[in-house]
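As a plain string of letters, each chain reads:
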Amino acid sequence: MKAVRYHAYGDTDVLAYEDADRPTAGAGEVVVRVAGTTYSPVDTAIRAGFLRDVFPLVFPHIPSFDLAGVVTEVGQGVSGWNVGDSVVAFLPMNQPGAAAEYAIAPAEALAHAPRNVALADAAALPSTGLTAWQSLFEHADLKSGQTVLINGAGGAVGGYAVQLARQAGATVTATASPRSIDRLRSYGADQIVEHTVTPLAQAVAGQQFDVVLNLAPTSPEETAALVDLVADGGAFVSTTTPGPDNPGRNVRTVRVFVHSDAAQLGGLVAKVDAGDLQIDVAQRRPLADLAAVHNEAAAGQLPGKTVLIP
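Residues numbered from 1 in each chain as written. Predicted model: local features only at pLDDT ≥ 70, side-chain atom pairs only at ≥ 80, totals over all residues. Heavy atoms only, no water.

**Focus on the packing of helix α2 (residues 126–139) against helix α3 (residues 156–167)**
Contact geometry for α2 and α3: axes closest at 8 Å, N-to-C directions at 50°. It follows from the interaxial angle that α2 and α3 lie oblique. The crossing of α2 and α3 is right-handed. Packed against α2, whose contacting residues are Thr128, Gly129, Thr131, Ala132, Trp133, Leu136 and Phe137, the element α3 presents Ala156, Val157, Tyr160, Ala161, Leu164 and Ala165 at the interface. (Axes fitted to C-alpha atoms, helices over the stretch in contact; angles between N-to-C directions. Helix = DSSP H or I, 4+ residues; strand = E, 2+ residues; numbered from the N terminus. Parallel < 35°, antiparallel > 145°, perpendicular 65-115°, else oblique. Left-handed = near helix turned anticlockwise from the far one by under 90°. Contact = heavy atoms within 4.5 Å.)

**Some points on the pattern of salt bridges**
Enumeration over the complete set of coordinates arrives at 11 salt bridges. Across the pair Asp19 and Lys2 runs a salt bridge, and its minimum N-O distance is 3.2 Å. On the criterion of sequence distance, the pair formed by Asp19 in strand β2 (residues 16–19) and Lys2 in strand β1 (residues 2–5) is long-range, its members being 17 residues apart. Assessed through its relative accessible area of 29%, Lys2 is described here as partly exposed. One continuous salt-bridge network, built from bridges that share partners, spans Arg285, Asp289 and Glu296. (Salt bridge = Lys/Arg side-chain N within 4 Å of Asp/Glu carboxyl O. Buried < 20%, exposed > 50% of the residue type's maximum accessible area, 1.4 Å probe, protein only.)

**Let's talk about the sheet that holds strand β10 (residues 191–194)**
Taking strand neighbours across the sheet as the criterion, the six strands line up as β10-β9-β8-β11-β12-β13 in an open arrangement whose pairing is parallel. Every interior strand has two partners, whereas the edge strands, β10 and β13 (252–255), have only one. Neighbour-to-neighbour, the strand axes of this sheet turn through a mean angle of 15°, independent of strand direction. By the bridge criterion, four bridges tie strand β9 (residues 171–176) to β10 in an arrangement that is parallel. Bridging from a neighbouring strand, Ala174 pairs with Ile192 of β10. Packing of helix α6 (residues 220–228) onto the sheet brings it into contact with β8 (147–151), β11 (209–214) and β12 (230–238), and relative to β12 it is tilted by some 140°. (Pairing = 2+ DSSP bridges.)

Printed below as a string of structure tokens:
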């Protein structure tokens, strides 16, 4: 089969589109014919070796941990899954990934794929959808009637977070660049701050929020300013720069590290099938373009969530 692999940590030039052995299912695993995978900024950090202590790799390594495809082989001890099932999964980050024609997936990570979107596009759901869900409900404990500020809402996680927060009955303020404003408005954001035009502190002057979800890279000073926007007893949740351990005012600060959860992923799929959760894909590229996608991401040139198709 064809796969993108790298044989050592390094820059984008270590990514090679090459022949690799087709995997076989071990106990508790399935083999999936890949319909689509995605690029994530975490892929860059793993490839560069910045996370080697957290996600140690065995080389050669196949990157990309979002998976959508069709089961072609079922390993020993697997029940509930059959050849021909369309599935999605968030794969373990330090195991062989989905940037290949076929991928191994732990059966416990699988959820049925959405029925009303293209199977390849469903790859844009697992890790980003789970990050949004876990940030809002596991960590922030968001409730109906609360207010939430989502900083960096124009990205893939932010789009899901806006939709999920609105459906939970929260009032949503979102920061975004011009290219994302119409999409976030269609998702139901109550207030959108175009951060390229109006500084956030000025746009929300006098407001505080039960939850501040930070999805954008921020300096320590910017992070502190976001924490100041949390109401007494509220939560500051960040996927990027962590907040201070004890900011006072009974404010909780949480750094999010997403984890695979098939039940949660199945719940997100159900929302997609019900028409309550939209999957946004900015572009679809052949898998052989993955190194170019990494380069474009480093240059800030990706237009949004990118799906790679074998």
